[in-house]
Amino acid sequence: MIRESIVGSCFKIFFTIMVLWPSLGLLISCGEDAPEKPITKLEVKTLQHQGKERQFMVHLPDSYEDEISVPVVLVLHGGGGTMQDMQNFTQMDNYSDENGFIAVYPQGIASQLNGFSWADGRNTIADQEGIDDVGFIDRLLDYLLSEYKVDQERVYVCGFSNGGFMTQRLACDLNDRFAAMGSLGSIMDVDLVNTCNPGRAIPMLLLTGTEDPFVPIEGGEMIGSGNVKDIISMDELVAFWVGQNSCNPTVNMQELPDIVSVDQSTVTLFRYSSCDCAADVWYYRINGGGHTWPGVSLPLYEIIAGPTNRDIHASEELWKFFEDKRLCF
């Protein structure tokens with residue numbers, strides 16, 4: 001009980017930091033970790049689903065001209081977060097401008113502290129309220145296709161924490177709409193892994209920290225997260241997607257350069273290839289890393305969440321993985 005109380009208190013601090021991010025992030029980030037330039041071409045949009053007004057933000061790259069179809073990356077925030085949190089947390093807009101894809105930040109609706117929750121199937125607050133987030137994302141994709149010049153074969157989704165668990169649910173329940181997916185700071189719950197049957201190979205990028213205090217890499221109970229379902233281990237999740245995608249089980253393991261030695265972490269990349277539909281599985285194990293987004297250092301947040309690796313930038317690695325993937329059946 002004492003441990004649960006301590007972890008619960010840490011979560012309250014964690015979510016407070018995330019809610020304050022738009023101002024706090026600029027105060028505690030510095031140098032190479034700060035956003036490179038102000039956000040541009042940002043549109044805040046709404047649509048109706050289940051009789052509720054759902055919000056999302058669309059960032060159009062500088063090169064967007066509504067004449068040539070371009071890729072789209074959906075970026076899902078963590079529990080207790082908002083679309084603005086995720087936009088700042090990931091710095092994905094910079095990579096959108098550099099590479100010409102549209103970045104979209106959907107927002108959950110079930111209230112969790114001062115932010116929102118996704119109905120990822122683990123008995124989250126959104127699940128308890130009967131929110132249909134799979135249906136919302138499906139309708140959001142229809143909207144994007146009708147309003148923007150989108151390459152339907154190059155639609156991608158990624159998420160962090162609760163958003164990463166939601167990405168895994170989309171991989172099981174809405175997989176025919178995405179060319180590739182990425183889950184960070186998350187794994188998969190014990191029930192979903194037993195019922196998930198995508199029916200097609202899906203390129204999958206996975207990233208976790210070995211010292212994540214909220215999402216244990218070895219699986220089991222997520223203490224401090226409320227009455228959510230237990231999760232499988234990361235090794236089990238990697239094996240699930242390697243098997244699902246019919247990949248060659250021989251792994252290509254690479255120790256990435258330890259560019260920033262003071263970040264208390266290193267990165268090992270495990271790559272599985274020769275998969276159906278070229279649906280490779282990449283697993284970034286952040287050795288010593290916490291519940292963080294590599295490349296974006298927030299010292300106050302790290303007191304609660306653990307070290308942030310600065311040898312890579314997660315958004316850059318996601319686009320590197322997504323870039324050549326096309327929808328394949």
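About the criteria used
- Residues numbered from 1 in each chain as written.
- Predicted model: local features only at pLDDT ≥ 70, side-chain atom pairs only at ≥ 80, totals over all residues.
- Heavy atoms only, no water.
- Helix = DSSP H or I, 4+ residues; strand = E, 2+ residues; numbered from the N terminus.
- Expected span 1.5 Å × (residues − 1).
- Buried < 20%, exposed > 50% of the residue type's maximum accessible area, 1.4 Å probe, protein only.
- Disulfide = S-S within 2.5 Å.
- Core = buried A, V, L, I, M, F, W, Y, C linked by side-chain atoms within 4.5 Å.
- Axes fitted to C-alpha atoms, helices over the stretch in contact; angles between N-to-C directions.
- Parallel < 35°, antiparallel > 145°, perpendicular 65-115°, else oblique.
- Left-handed = near helix turned anticlockwise from the far one by under 90°.
- Contact = heavy atoms within 4.5 Å.
- Nonpolar A, V, L, I, M, F, W, Y, C, P; charged D, E, K, R; others polar.
- Salt bridge = Lys/Arg side-chain N within 4 Å of Asp/Glu carboxyl O.
- Pairing = 2+ DSSP bridges.

Engineer: So what exactly am I meant to see when it comes to the environment of A239 here?
Structural biologist: If you trace the backbone, A239 turns up in helix α9 (residues 234-244). Spatially, the C-alpha atom of A239 lies 8.6 Å from that of P249, the residues being ten residues apart in sequence.

Engineer: Any chance you could explain helix α7 (residues 162-173) here in plain terms?
Structural biologist: For the α-helix, the turn length of 3.6 residues means that residues three or four positions removed from each other point alike. Its twelve residues give α7 an end-to-end C-alpha distance of 16 Å, which sits within 8% of 16 Å, the value for a rise of 1.5 Å per residue. Summarising burial for α7: ten of the twelve residues are buried, a large majority. Buried within α7 are the following residues: N162, G163, G164, F165, M166, T167, Q168, L170, A171 and C172.

Engineer: Just to check I follow, could you spell out the state of the cysteines for this structure?
Structural biologist: Put plainly, two cysteines are in a disulfide when a covalent bond ties their sulfur atoms together. Under the counting rule described, the total for this entry stands at three disulfides. The residue that forms a disulfide with C172 is C196, at a sulfur-sulfur distance of 2.1 Å. Taking the sign of the S-S torsion, about -100° here, the bridge from C172 to C196 comes out left-handed. Residue C172 is found in helix α7, and its partner C196 is found in the loop between α8 (192-195) and β9 (204-209); the two are separated by 24 residues along the sequence. Its relative accessible area of 9% is what places C172 among the buried residues.

Engineer: I'm lost on the nonpolar core in this one. Help?
Structural biologist: Generally speaking, nonpolar side chains in soluble globular proteins are found buried as a group. The biggest cluster of nonpolar side chains holds 97 residues, and the ones touching the most others in it are L74, I102, I137, L144, L170, F178 and Y284. At seven residues, helix α6 (residues 133-147) tops the list of elements feeding residues into this core.

Engineer: Would you mind going over the packing of helix α4 (residues 92-99) against helix α11 (residues 314-322) with me for this structure?
Structural biologist: The geometry of a pair of packed helices is captured by two quantities: the angle between their axes and the separation between those axes. At a closest axis distance of 9 Å, the pairing of α4 and α11 adopts a crossing angle of 40°. By the angle class used here, α4 and α11 are oblique. For α4 against α11, the interelement crossing comes out right-handed. Residues M92, Y95 and N99 of α4 form the contact with α11, whose participating residues are S315, E316, L318 and W319. Of the residues in the contact of α4 with α11, the class split is four nonpolar, two polar and one charged.

Engineer: How should I be thinking about the environment of F56 in this particular structure?
Structural biologist: If you trace the backbone, F56 turns up in strand β2 (residues 52-59). We classify F56 as buried; its relative accessible area is 0%. Apart from residues lying up to four places away in sequence, F56 is in contact with E43, V44, K45, T46, L47, M83, V104, Y105, P106, L140 and Y143.

Engineer: Could you clarify how one ought to interpret unusual backbone geometry in this entry?
Structural biologist: The phi torsion of most residues other than glycine is negative, and most of the peptide bonds are trans. Here S161, not a glycine, exhibits a phi torsion of approximately 60°, which is positive. Mapped onto the fold, S161 is located in the loop between β7 (150-160) and α7. With a phi close to 55°, A278 is a non-glycine residue in the positive phi region. Secondary-structure assignment places A278 in the loop between β11 (266-272) and β12 (281-287).

Engineer: Explain the pattern of salt bridges to me, please; I cannot follow it from the model alone.
Structural biologist: When the charged atoms of two side chains with opposite charge come close together, those side chains can pair. Applying the stated rule across the entire model yields ten salt bridges. One salt bridge in this structure joins D133 and R54, with 2.8 Å as the shortest N-O distance. Within this pair, whereas D133 is found in helix α6, its partner R54 is found in strand β2, the two being separated by 79 residues in sequence. For D133, a relative accessible area of 1% translates into the label buried. The salt bridge partner of D142 is R177, with a shortest N-O separation of 2.9 Å. Of this pair, D142 sits in helix α6 while R177 sits in the loop between α7 and β8 (180-184), and the two are 35 residues apart along the sequence. The class for D142 is partly exposed, based on a relative accessible area of 41%. Salt bridges here are not isolated pairs; linked through shared partners, they connect D127, R169 and D173.

Engineer: Looking at this structure, I do not really get the pairing of strand β3 (residues 70-76). What am I missing?
Structural biologist: The side chains of a regular strand alternate between both faces of the sheet. Of all seven residues that make up β3, seven are buried, and the element is covered over most of its length. Sheet topology note: the β3/β7 ladder contains six bridges and is parallel. For L76, the partnering residue across the bridge sits in β7 and is G159. Inspection of the sheet shows β3 paired to strand β4 (residues 102-106) by three bridges, in the parallel sense. The residue bridging V73 from the neighbouring strand is A103, located in β4.

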